[in-house]
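# Structural characterization, general
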Amino acid sequence: MENENTKNGGKSITKVKLRLDVKDVVKKRNEAEEPAPDGVIMLHEDNHLLVVLKPQNVPTQGDSSGDTDLLSMLKEYLVKKYNKQGNAYLGMVHRLDRPTGGVMVFAKTSKAAARLCDQIRDTDGEFEKTYLAVVSGKPIREGKVEHYLAKDEKTNTVTVVPSSLEGAKKAEAEIKVLDGREGMSLVSVKLITGRSHQARVQLKALGSPIAGDVKYAGDKLIKCSHLALWAYKLEFNHPVTGEKLRFFALPPNEFPWTVFDTEALVDIVRPKGTSA
């Protein structure tokens with residue numbers, strides 16, 4: 001993992017680059033100063049922010065399963081690291097579905113949380129979440145896509161519905177096909193809205209459900225160990241300094257990701273002491 005300062009329209013940009021197949025090396029190098037919870041990699045921490053790599057199949061916050069969730073783990077981490085009395089404040093400003101892994105930012109102060117939420121609500125692109133997905137076939141459309149979605153809370157499923165349906169919520173995303181191999185496509189998904197299961201349902205509606213998506217893929221299911229949806233890039237302005245921050249994390253080194261050259265998406269810098 002390495003920080004690199006570049007320039008973008010006069011603003012400083014911090015890039016964080018990470019290879020998941022050298023995850024253990026990263027953890028060993030940071031173990032002394034960053035006693036992270038098991039399976040969680042710390043990408044950045046300061047007085048206002050905590051940026052982490054969420055493991056797949058871990059709830060972002062507590063749910064009916066009762067399983068240990070990321071938010072609770074990180075609060076416990078802060079209590080131990082800073083010897084806090086009682087609970088530590090940690091604001092959750094966005095979510096990832098349980099089966100989705102990747103980059104997340106949390107706010108360590110209420111001021112930072114409020115300012116990050118303001119960025120998320122704004123439409124000027126200050127807070128951008130970009131996912132990678134491996135899908136069946138090729139989506140019938142690229143570019144900006146729009147659907148209306150409705151969620152069934154009883155079954156925890158989301159469907160595309162007419163815009164006139166009561167409770168329907170508009171979902172917008174930008175879809176780009178990056179590569180196609182072996183009957184699959186590697187796509188990027190930049191979410192403009194943040195609806196539940198949005199990327200999964202919109203890609204299904206485009207005829208290309210995500211690999212490993214047993215909930216939505218139906219007879220187009222591509223079997224694999226994990227849902228092939230990964231929050232690989234997160235960009236936002238630091239809520240206090242205003243610095244533009246950009247974090248990358250490439251997906252796991254497993255099928256179906258290994259069918260594609262995901263390393264071409266960002267400049268990869270391996271931690272020192274690892275082979276090329």
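Residues numbered from 1 in each chain as written. Predicted model: local features only at pLDDT ≥ 70, side-chain atom pairs only at ≥ 80, totals over all residues. Heavy atoms only, no water.

Applying the stated criterion across every chain, the model contains 1 cavity of 30 Å³ or more. A volume near 40 Å³ is recorded for the largest cavity. Along its surface, the largest cavity is lined by His 94, Leu 96, Val 103, Lys 129, Thr 130, Tyr 131, Ala 231, Tyr 232, Lys 233 and Leu 234. Contributions of two or more residues to the lining of the largest cavity are made by strand 7 (128–136) and strand 12 (229–237). If one sorts the elements of the lining of the largest cavity by residue count, strand 12 sits on top with 4 residues. (1 Å grid on protein atoms, 1.4 Å probe; cavity = no way out; pocket = protein on both sides within 12 Å on 5 of 7 lines; lining within 4 Å. Points joined across faces, edges and corners; volume = space filled by probe spheres on them. Helix = DSSP H or I, 4+ residues; strand = E, 2+ residues; numbered from the N terminus.)

This model, assessed by the stated rule, comprises 3 aromatic pairs. Ring geometry for Phe 127 and Phe 236: centres 5.8 Å apart, planes at 25 degrees, overall stacked. Of this pair, Phe 127 sits in the loop between helix 3 (110–121) and strand 7 while Phe 236 sits in strand 12, and the two are 109 residues apart along the sequence. Each member of the pair, Phe 127 as well as Phe 236, is classed as buried. Residues Phe 236 and Phe 247 carry aromatic rings whose centres are separated by 6.0 Å and whose planes lie at 25 degrees to one another, so their mutual orientation is stacked. Residue Phe 236 is found in strand 12, and its partner Phe 247 is found in strand 13 (residues 244–248); the two are separated by 11 residues along the sequence. Across the pair, exposure class does not vary: Phe 236 and Phe 247 are buried alike. Taken together, the ring pairs connect Phe 127, Phe 236 and Phe 247 into an aromatic cluster. (Phe/Tyr/Trp six-rings, centres within 6.5 Å; stacked < 30°, edge-to-face > 60°. Buried < 20%, exposed > 50% of the residue type's maximum accessible area, 1.4 Å probe, protein only.)

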